[in-house]
Each structure stands twice: as structure tokens, then as C-alpha cells.
Amino acid sequence: MWRYVLKRALLAVSIIFSISLITFLILNVLPGDPVAMMLGEFADANKIKEVRHNMGLDLPLWQQYLQWITNLVKGDFGSSYFQKKPVLFLILQAFQYTSYLAAMAYIIALIIGLFMGIIAAVNHGSWLDRFLMSISVLGISAPSFWVAILLQIYIGLRFKIFPVSGVQTSIGYVLPAIALGTRYAASISRVTRASMMEVMGQDFIRTAYAKGLNPFRIVMVHIFRNALIPVITIIGADIGSLLTGSMITENVFNIPGIGKLLIDAINRRDIPLVQGGVIYVAAVCVLIYFIVDVLYAVVNPNIRLGDK
Amino acid sequence: MSENTEKNILEIRDLNVDLFTERGVLPVLSHINLNLKEGEILGVVGESGCGKSMLASAIMGLVDKPGKITGGEILFDSEDLVSAGKKRLQEIRGNAISMIFQEPMTSLNPLMSCGKQITEAILAHKKISRKEASSQALEMIRSVGIPMPEKIFDAIPSRLSGGMRQRIMIAMALCLKPRLLICDEPTTALDVTVQAQILYLIKKLRKEFKTTVIFISHDMGVISQMSDRVAVMYAGQVVEIADKKDIFSMPSHPYTVGLEAAIPKMDSDTDKLESIPGSVPMLYELPEGCLFSTRCSHCTDQCKLKRPELTILDEAYPDHLVRCINKDCLAVQHSS
């Protein structure tokens, strides 16, 4: 088991390094000079040169990368060109909002999605199954900003319990969490249903019935647990994408999360912030997939045995 | 056969199972009549698709969509299983009647340790503590001849060979000392040496536990080793049923004769393998008359008109029933 975990961890670190290199190169090849943007349209050429020199932007690219990556390892992500604050600080600040929203949205999504998926699978072919799956198609197809706006109009404005904008209090997260969670709930329910149906057709489920187990136990212990691997995979992918910020929902509800931070940074060519942001996104994704890999091994002993 | 042959533990009366499909209602099992005496081993033999496994499912109460039991009775200890409620069937399954399946590789839950899977079966039917159930399960693993039972108890099935997994299945099926054990091709997926061990084990344990057995196989050799009586099935019907020695010494239905001719013999000179021409008719294109008429070399015009009944062939052998009207061909078989 530990061997397996160590292998996955090494893989994770090397992926982050490769991504840092690729991001660095791409951002430096892209058109648009941050210094010119900082100093405005009518800046003097000498002044631009001076600022570039001060920021180390006139050094050879490989030196810049080396510098950046050494600082990165030390925990120094550089400073935002525009907000004049350390990148790490800005990201962590935004992360608080994003992670809180993500956690709420995903807990809602998991409860509803798993429940719907299990019920649909157990009653597959019935009207209930068809009804639940139609709802889930609706949930997947509905764009989150549309759901967000509907929630604002029909719940936020009508009942005046949940604020439609801002997250000064935690109750402000409710509507955004529902808007954001809808799609995930829908996709979890579909994957859960499909995966459970596949397991239901297998021989060992017949064995479980032949043993005279009660049907609830068969569903939860035999079918659901075996159906969990594909579900964990999408849960990992979903949490990864949630933690890297949802630009639209955060914008609609005016939440200063990662999504909003990065969109603003990209628009202003705030290279240190964009680079830091990309590294953050990469790190989150890699970390989540690392956890998912370890979870696979926990759920399915065959995986860690196969790794020997 | 044992002495107390009077009591029937299982009586199947005129059982019909139909498949409800887009091609219409297809009879998988039609007019099955079988009696099973306490303590005997009934062999059920037939080609793939003849309804052997469906018969097992029907007895277990596990006929699932699109299949449905559309008529008849399955009397287990005089209790009708066809009309029994779900809860009652659940009580019986794995407890009074249990089953061993064909595919040991896929019939065990891949994520659960072998010991746990047996413990779970015990706990489903007995009100005892988990610890007691575990120790009973361990004892059961020991009794099916698995080396290092403590170690295997905690192993997940993928660590075990096919033969070992089938032993676990046997342990699971017998852990509650069922009165009836259904073995659905238990050795088909195993190689021959392991097959012999497993067959030996089933025979030994069923004697120990005084279990009545229905042994399903397509292999006449295995059937002859295992059974006291043999039922030959064809296209969802029992075409011949008799004591083992009668089935092998004087097979009477042309299909049984064909099956036996198809067993390769060591002492014959020919290199040719005998076979029955054609294949089992599809359920949606069953012939009007005798189901075997399309492949039978003794088929007459009479045979194509009406489905024959299962009847006693010779008053001297009241337990030998055959579903064939062609007395001529039967007579030929008897004299040969």
C-alpha cells in the first residue's frame, strides 16, 4: 500500500513541475506586454525599459524560469503587478470563498446525486427511473448562470431569505451552492445509476440473492460499493474543477473567489498572478487525483495488489 | 440410493416458465414434472439453452425479468415456492435451499474477503453474534479442504484460483446445512483435475450434511459419476428420466441415445466424433409436434403433429419415463 502511495506522490510532483514549465513558456510567448499595460498607453520607452529591468524581465528566459521556480519552492509566488500584494496571499484569500462554496455545492450534489442514482438503478425501467433521469438531463443541460438567475429571481427576490449577491454571511452561499451543485448532482446521479446497473448484472449479485440476503444489504454492500470506482473518478474531477473556481457562478453572485481572481488577472496580463493561479489550479487537480488514486486502492484491494 | 426413498423433498408439478420478449412469449420451460427424493442426487443434463439453469433459478425463486413462472407448482417440503411471498423465499434461499454456480471466477464479490462473504450468509439466517458466525465460517472453510483457512478467510477472491473459489462457493452454499443443494455446472469452468476434486468434495459433504442434490451439467461423464437418477432436458422439456443405470444401459429417447453416442470412447477405432446433427431449435421457432423432431433420425409424420407426453415406457420400469411416441424406435433402442 505505501509503495503504491509513494509512487503516486512522485508522479504528482513531477506533473506539477512539468506544468510549471509549460505555463511559464506559454505566458512568455503570448503577445501583450504587462509593463506597457501597467504604465499606460503613453509611457516613455526608456521608462518601460527601466521597469522591465527592475522586474527582471530583461533576463534570459531560462534564468527567469529558474528564479521563479526557486522562489516557488520557497513558497514565494511573486507579487501581483496591479494589486501589489503577494500572489500567494491573494490566492489563499480567494480560496477561502471558493472552497466554502465548493464544499457546500458538492455536499448538496453528492447527497442528491447518489440518492437519485441509487433509487433510479434499483427501480430501473420504471416510471420513477425515467422521471429521475429526465430531471438529471435537465440538470446537466441547464447552464449554471441560468439556474443562478432563476434562483435569484424566484427564490432570492421573492422570499427575501437568501441574499442574491455577496457572501457577507454564510446564508449567502445557499443560492450559489444550489446553482453550482445542480449540474454535479445530475452527473453524479447518471454515473451512479449506470455503474450500479452494470454491477447488478454480474454473477456475484446473483450469488448474493441466492444467499438469501435482504435486498437493502445487497444494494448497499454488494452493488453500491462495487459501483463506487467510476463514481469516485468523477467526484475527483468535479471537486478539482470546483476548487479551481467557477467563474460564472462567482461572477453572477459576486463572490470574490478563485474564478473571479484569475479572470481579472488574465484580462490585465498580471503574469505573476496568472502563473501562480495556474500552478494553484494544477496543484489542486494533481492533489485531488492523488487522493482519488489512493481512494481507489482503499475501495478496491485488487488495485493495490496489482501494483506490486 | 438411501433407504428412506418414500418422502419427496421436492415436487415440481407442471411448471411453466415463459420469457416475455419482443418476439413474443417464449416457453423456456414447459410442463416440467420432477420429483426429488430425500437424499438422492438428481442429474439434469442437456445442451446449452435447454433450460437447465432456468430450472435452477425457478426453484431458487430467482426467475427475473423478462422471465416469469406462468404456471405449475414447486413443492418444497409440501410448501409451494411459486406462490410463496418474497420474504419467505428470502428465508429459504441460502438456508434450506442453496446453490453453487458455474463461474467461480465471477460469482464472488471481488471486494469482500471470502470469510466475510460466508459470514454474511450465516448472519442472514441465524440470530447469532458476528463473532460466532465468523468462527462457523472459518470452520466451513476448513471443511472444504482449503489449506491455511485463517489466511484464506481474510483473502479477497482474486487471490484464489478457480478451484479454491469454487470451494469457497461450496462452503458458502453448505454453511447453513441446506436440505437441498443445486449445483449449476459447478465444474464446467475448471480444469479436469480440479473438477475431480470438486466433484469428490460435493459428494463427500452432501453425505456428511445429508443434503439432497440437483446436479446440472451438460457433461454426460460428470453426470454419470454424480447422479442417482438422471433427467435429460431438451428445449425446455424433460424428455427422459430414469435411474442412472437405466439411462446409460438402455437410453430410450432418441436424444438421449444421441447424447450418449457423442461421448468419445477410448476403445473404438474411429477418429470421428459422433454428434447429433443440427442444433437446439430457437425458442421462437419451436416445431409444432415433438420438439426433437427437427433433428431426430426416427422422426415420422405422427411425430410432427403433436407434442408427446412423458410416459412410462415399460411397465417393468415404472421410474423410466420417456417423451416419445415412436414405439418402433424405442423398441429398437431397448433390444440393442
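All of these numbers come straight from a predicted model, not from anything done at the bench. (Residues numbered from 1 in each chain as written. Chains lettered and ligands numbered in written order. Predicted model: local features only at pLDDT ≥ 70, side-chain atom pairs only at ≥ 80, totals over all residues. Heavy atoms only, no water.)

Draft legend 1. How the structure looks around the overall build of chain B. If you tally the helices and strands in chain B, you get 11 helices and 12 strands. Relative to the globule expectation of 20 Å for 336 residues, the C-alpha radius of gyration of chain B, 21 Å, shows essentially globular dimensions. By its C-alpha atoms, chain B is 65 × 50 × 45 Å across when sized along the principal axes. Looking at the 336 residues of chain B, the share that counts as buried comes to 54%. (Helix = DSSP H or I, 4+ residues; strand = E, 2+ residues; numbered from the N terminus. Rg over C-alpha atoms; globule rule 2.2 N^0.38 Å. Buried < 20%, exposed > 50% of the residue type's maximum accessible area, 1.4 Å probe, protein only.)

Draft legend 2. Representation of a nonpolar patch on the surface within the structure. Residues and elements named next belong to chain A. Among the surface-exposed residues, F145, W146, I149, L150, I153, Y154, L157, M247 and I248 lie close enough to one another that they form a single nonpolar patch of about 810 Å² accessible area. Only α7 (144-159) and α11 (247-252) provide two or more residues apiece to the nonpolar patch. Looking at the nonpolar patch element by element, the count peaks at seven residues for α7. Within the secondary structure, L150 is located in helix α7. Residue class for L150 comes out partly exposed when judged on its relative accessible area of 31%. (Patch = residues over 30% accessible without salt bridge, like charges linked within 9 Å, V, L, I, M, F, W, Y side chains within 5 Å. Areas by Shrake-Rupley, 256 points an atom, 1.4 Å probe, with all protein chains shown as cover. Salt bridge = Lys/Arg side-chain N within 4 Å of Asp/Glu carboxyl O.)

Draft legend 3. Here's a closer look at the sheet that holds strand β7 (residues 180-184) of chain B. All names here are of chain B. The mixed open sheet is built from eight strands, whose spatial order is β6-β7-β8-β3-β9-β10-β12-β11. The sheet is open, and its two edges are formed by β6 (97-100) and β11 (311-314), each paired on a single side. Between one strand axis and the next, the sheet turns by 25° as a mean value, whatever way the strands run. Here five bridges tie β7 to strand β8 (residues 212-217), and the two strands are oriented parallel to one another. Opposite L180, over in β8, you have T212 as the bridge partner. (Pairing = 2+ DSSP bridges. Axes fitted to C-alpha atoms, helices over the stretch in contact; angles between N-to-C directions.)

Draft legend 4. Inspection of the domain arrangement of chain B at higher detail. Residue and element names in this part refer to chain B. Domain assignment breaks chain B into domain 1 (8-227) and domain 2 (237-262 + 273-335). One C-alpha centre belongs to domain 1, the other to domain 2, and the line joining them spans 28 Å. If you look at the interface, domain 1 gives 19 residues, while domain 2 gives 14 residues. Counting the surface lost from both domain 1 and domain 2, the interface buries some 1500 Å², and carbon and sulfur atoms represent 65% of this. Among the residues domain 1 hides against domain 2, the three largest losses belong to R23, E47 and M220. Together they make up 33% of the total. (Domains from an automatic or database assignment. Contact = heavy atoms within 4.5 Å. Buried area = accessible area lost by both parts, 1.4 Å probe.)

Draft legend 5. Examining the packing of aromatic side chains more closely. Residue and element names in this part refer to chain A. For the structure shown, the criterion picks out nine aromatic pairs over all chains. Pairing Y65 with W68 gives two aromatic rings, centres 6.2 Å apart and planes at 50°, and the pair type is tilted. Here Y65 pairs with W68, and both are found in helix α4 (residues 61-74), just three residues apart, close to one helical turn. The class of Y65 is buried, set by a relative accessible area of 14%. (Phe/Tyr/Trp six-rings, centres within 6.5 Å; stacked < 30°, edge-to-face > 60°.)

Draft legend 6. Geometry of the domain arrangement of chain A. Here chain A is partitioned into domain 1 (2-74) and domain 2 (87-267). Between the C-alpha centres of domain 1 of chain A and domain 2 of chain A the distance comes to 35 Å.

Draft legend 7. Examining the interface of chain B and chain A more closely. Contact with chain B, which involves 24 residues of that partner, is made by 21 residues of chain A. A buried area of about 2000 Å², summed over both sides, lies between chain B and chain A, and 56% of it is on carbon and sulfur atoms. Linking chain B with chain A are two salt bridges, by the criterion used here. Residue E120 of chain B is joined to R217 of chain A by a salt bridge in which the shortest nitrogen-to-oxygen separation is 2.9 Å. For the pair chain B and chain A, the interface holds 12 residue pairs in polar contact (both at pLDDT 80 or more). Those elements that place two or more of their residues in the side of chain B that touches chain A are α3 (114-125) and α6 (162-174) of chain B. Sort the elements by how many residues they give to the side of chain B that touches chain A and α3 of chain B lands first, with five residues. Here the residues of the side of chain B that touches chain A are counted per class, giving 12 nonpolar, eight polar and four charged. (Polar contact = N/O pair within 3.5 Å; in protein donor to acceptor, adjacent residues only side chain to side chain. Nonpolar A, V, L, I, M, F, W, Y, C, P; charged D, E, K, R; others polar.)

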